[in-house]
Amino acid sequence: MSGHPTAASPFKQPKAVFAVAFACVVSFMGIGLVDPILPAISSELNATPSQVTLLFTSYLVVTAVAMLITGWVSSRVGAKRTLLAGLALIVVFSALAGASPGIGAIVGFRAGWGVGNALFIATSLAVIIASASGGFIGAIILYEAALGVGIAVGPLLGGLLGNISWRGPFFGVAFLMAIAMISTAVLVRPTPVPQRKTGLGEPLRALRHRGLLTMSLTALCYNWAFFTVLGYAPFPMGLDAIQLGFVFTGWGVLVAVFAVFGAPRLQSRFGVARTLYANLALFAVTVLVIAIWTTHPPVLITAVIVAGVFIGVNNTVTTQAVMTVSPVERPIASAAYGFVRFIGGGLAPFAAGKLVEHTNVHVPFYIAAGALVLGILILSTARDHLRHSERVQAAGGEEPADAAPSRLPA
């Protein structure tokens, strides 16, 4: 349907690309790493679930806002220095979080961690796209593979280390990120400072483009559901740290498999639009199952693991669409998209905790399912842009001269 080309293997890459990909794995481990220790932190630090979910909120909201400055920084110091700065911040703040005496300090240090995460995530995608062999599509698949592996391994490592102490996962990330920083410093070649300096306001101005704004708002709705499940589902499961680690590892494995293998095949057969519509709808049904059977652990655990299928597909297909739907440079598009979607991901877990305190444990998941339906409705307004994305991807990631839809701002 989409004419998706047969790309070279995304795993045949220069050493520098694998160095950045390894750092991506560790960076994305930080998302799911705290999942198995959320109940333990709540218990040992006498914190309410809504206070503990601030570990996600401070991290992701700060990541979202900091996304707006990534282009400004990298265009002045170069991509490699920006990567190293982001990695250094993650090392420092993850170690400080592990040494923290209380929940307030951990939340604050997770915010600093989020600044480093933003600098690293936005720049790493641009570096992988620029350096990878096999073209644009292969680079995106490799990036999503790193995301999937990180999300899969993070909960398992978090569960194993968290079973010793809730501080263990934070120190583990600091150690692994230090290794990633050394690998990046040694294997990634110095990158020249771009001749054109990116302005601070460019990511926000990029959102005036209707296609990019529509995809970003759809992703905000999707991330609301994603992080409601990731941030609050561990509490009603009633499992210990290791058991939670295995549950979310199973979830993460499905994220990785369907991001790398499932998404390209589905997109090739059905096209970008139909793949996204069906995937969001099936994810909404899964979240609805979670909402109805939240207090039945076997159903809840199964549904959470199955959700990994739809998260994996969505991550790859949406990232490729975002990188091809907008007329702005890809680092700017990535920053603008990251800003909007991480806002949804950051606010959702905290909102879930507050909703449970004032209503019941089912309500946040009903709202999450509704957010996915809203995302489908928003996406349906971007038909022309999705068709354009298919044509660009069919051309290997380079825009055909006659392919672009209207480029007037929204």
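Residues numbered from 1 in each chain as written. Predicted model: local features only at pLDDT ≥ 70, side-chain atom pairs only at ≥ 80, totals over all residues. Heavy atoms only, no water.

> Can you help me understand the overall build of the protein chain in this one?
Per the secondary structure count, the protein chain includes 17 helices and zero strands. In terms of C-alpha radius of gyration, the protein chain reaches 20 Å, essentially the compact-globule figure of 22 Å for 410 residues. For the protein chain, the C-alpha atoms occupy an extent of roughly 60 × 45 × 35 Å along the three principal directions. When the 410 residues of the protein chain are sorted by exposure, 58% land in the buried category. Residue pairs in contact within the protein chain that sit at least 24 positions apart in sequence constitute 86% of those at least 6 positions apart. (Helix = DSSP H or I, 4+ residues; strand = E, 2+ residues; numbered from the N terminus. Rg over C-alpha atoms; globule rule 2.2 N^0.38 Å. Buried < 20%, exposed > 50% of the residue type's maximum accessible area, 1.4 Å probe, protein only. Contact = heavy atoms within 4.5 Å.)

> So what exactly am I meant to see when it comes to the nonpolar core here?
Judged by nonpolar contacts, the single largest core of 116 residues is most densely connected at Ile41, Phe170, Met237, Trp251, Phe283 and Val304. A total of 14 residues in this core trace back to one element, the largest contributor, which is helix α14 (residues 297-325). (Core = buried A, V, L, I, M, F, W, Y, C linked by side-chain atoms within 4.5 Å.)

> Is there a simple way to explain helix α8 (residues 168-187) in this structure?
For an α-helix, 3.6 residues make a turn, and residues three or four places apart therefore share a direction. End to end, α8 covers 29 Å across 20 residues, agreeing with the expected 28 Å (1.5 Å per residue, within 8%). Along α8, the positions that sit buried rather than exposed are Gly168, Pro169, Phe170, Gly172, Val173, Ala174, Met177, Ala180 and Thr184. (Expected span 1.5 Å × (residues − 1).)

> Quick question: what am I supposed to make of the pattern of salt bridges here?
Once the charged atoms of two side chains with opposite charge are near each other, the side chains can pair. Under the defined criterion, the tally for this structure stands at two salt bridges. Between Asp384 and Arg387 there is a salt bridge, with the nearest N and O atoms lying 2.3 Å from each other. Residue Asp384 and its partner Arg387 are located together in helix α17 (residues 383-394), separated by three residues, close to a single helical turn. The exposure class assigned to Arg387 is partly exposed, which follows from its relative accessible area of 43%. (Salt bridge = Lys/Arg side-chain N within 4 Å of Asp/Glu carboxyl O.)

> It is not clear to me how a nonpolar patch on the surface should be interpreted in this structure. Could you clarify?
The grouping of Leu288, Ile292, Trp293, Val299 and Tyr366 at the surface amounts to a nonpolar patch, some 410 Å² of accessible area in total. Assignment of secondary structure puts Leu288 in helix α13 (residues 272-292). Note on Leu288: relative accessible area 35%, which makes it partly exposed. (Patch = residues over 30% accessible without salt bridge, like charges linked within 9 Å, V, L, I, M, F, W, Y side chains within 5 Å. Areas by Shrake-Rupley, 256 points an atom, 1.4 Å probe, with all protein chains shown as cover.)

> Explain the layout of surface pockets to me, please; I cannot follow it from the model alone.
Gaps left between atoms are located by rolling a probe of water-molecule size over the structure's atoms. By volume, the largest pocket is sized at about 730 Å³. Along its surface, the largest pocket is lined by 32 residues, and Ala79, Ala126, Val127, Ala130 and Pro331 are the ones closest to its centre. At the level of elements, α1 (15-32), α4 (54-77), α6 (103-131) and α15 (330-358) are the ones that each hand at least two residues to the lining of the largest pocket. Ranked by residues supplied to the lining of the largest pocket, first place goes to α6 with eight residues. Here the lining of the largest pocket is composed, by residue class, of 17 nonpolar, ten polar and five charged. (1 Å grid on protein atoms, 1.4 Å probe; cavity = no way out; pocket = protein on both sides within 12 Å on 5 of 7 lines; lining within 4 Å. Points joined across faces, edges and corners; volume = space filled by probe spheres on them. Nonpolar A, V, L, I, M, F, W, Y, C, P; charged D, E, K, R; others polar.)

> Is there a simple way to think about unusual backbone geometry in this case?
Glycine aside, a negative phi is what most residues show, and trans is what most peptide bonds show. Here Asn46, not a glycine, exhibits a phi torsion of approximately 55°, which is positive. On the secondary structure map, Asn46 appears in the loop between α2 (38-44) and α3 (49-52).

> What exactly am I supposed to notice about the packing of α13 against α14 here?
Axis angle and axis distance: for two packed helices, these are the angle between their axes and the distance between the axes, and together they describe the pair. It is the contact of α13 with α14, at a shortest axis distance of 9 Å, that shows an interaxial angle of 155°. Classified by the interaxial angle, the pair formed by α13 and α14 is roughly antiparallel. Judged by the twist between their axes, the crossing of α13 over α14 is left-handed. Looking at the contact of α13 with α14 residue by residue, the classes come out as 18 nonpolar, five polar and no charged. (Axes fitted to C-alpha atoms, helices over the stretch in contact; angles between N-to-C directions. Parallel < 35°, antiparallel > 145°, perpendicular 65-115°, else oblique. Left-handed = near helix turned anticlockwise from the far one by under 90°.)

> Explain the side chain of Thr63 here, please?
Its location among the elements puts Thr63 in helix α4. For Thr63, the side chain forms a polar contact with the main-chain oxygen of Gly114, separated by 3.1 Å. Leaving out residues up to four positions away in the same chain, Thr63 has contacts with Gly114, Asn117, Ala118 and Phe342. (Polar contact = N/O pair within 3.5 Å; in protein donor to acceptor, adjacent residues only side chain to side chain.)

> Looking at this model, I keep getting lost on the packing of aromatic side chains. Mind explaining?
Geometrically, a pair of aromatic rings is defined through the distance of the ring centres and the angle of the planes. A complete count under the given rule lists ten aromatic pairs for this structure. Where Trp113 meets Phe170, the ring centres are 6.2 Å apart and the plane angle is 70°; that geometry is what we call edge-to-face. Residue Trp113 is found in helix α6, and its partner Phe170 is found in helix α8; the two are separated by 57 residues along the sequence. Accessibility classification places Trp113 together with Phe170 in one group, the buried group. Consider the rings of Tyr232 and Phe235, whose centres lie 5.1 Å apart with planes at 40°: the pair is tilted. (Phe/Tyr/Trp six-rings, centres within 6.5 Å; stacked < 30°, edge-to-face > 60°.)

> Got a minute to help me understand α13 in this structure?
In this model α13 runs 30 Å from its N-terminal to its C-terminal C-alpha over 21 residues, within 8% of the 30 Å that 1.5 Å per residue would give. Taken as a whole, α13 has its buried residues at Val272, Ala273, Thr275, Leu276, Asn279, Leu280, Phe283, Ala284, Thr286, Val287, Ile290 and Ala291. Within α13, the buried residues cover an arc of 165° as seen down the axis, which keeps them to one side. Where α13 is buried, its residues meet α10 (210-232), α12 (241-270), α14, α16 (363-379) and α17. (Arc of directions from axis to C-beta.)

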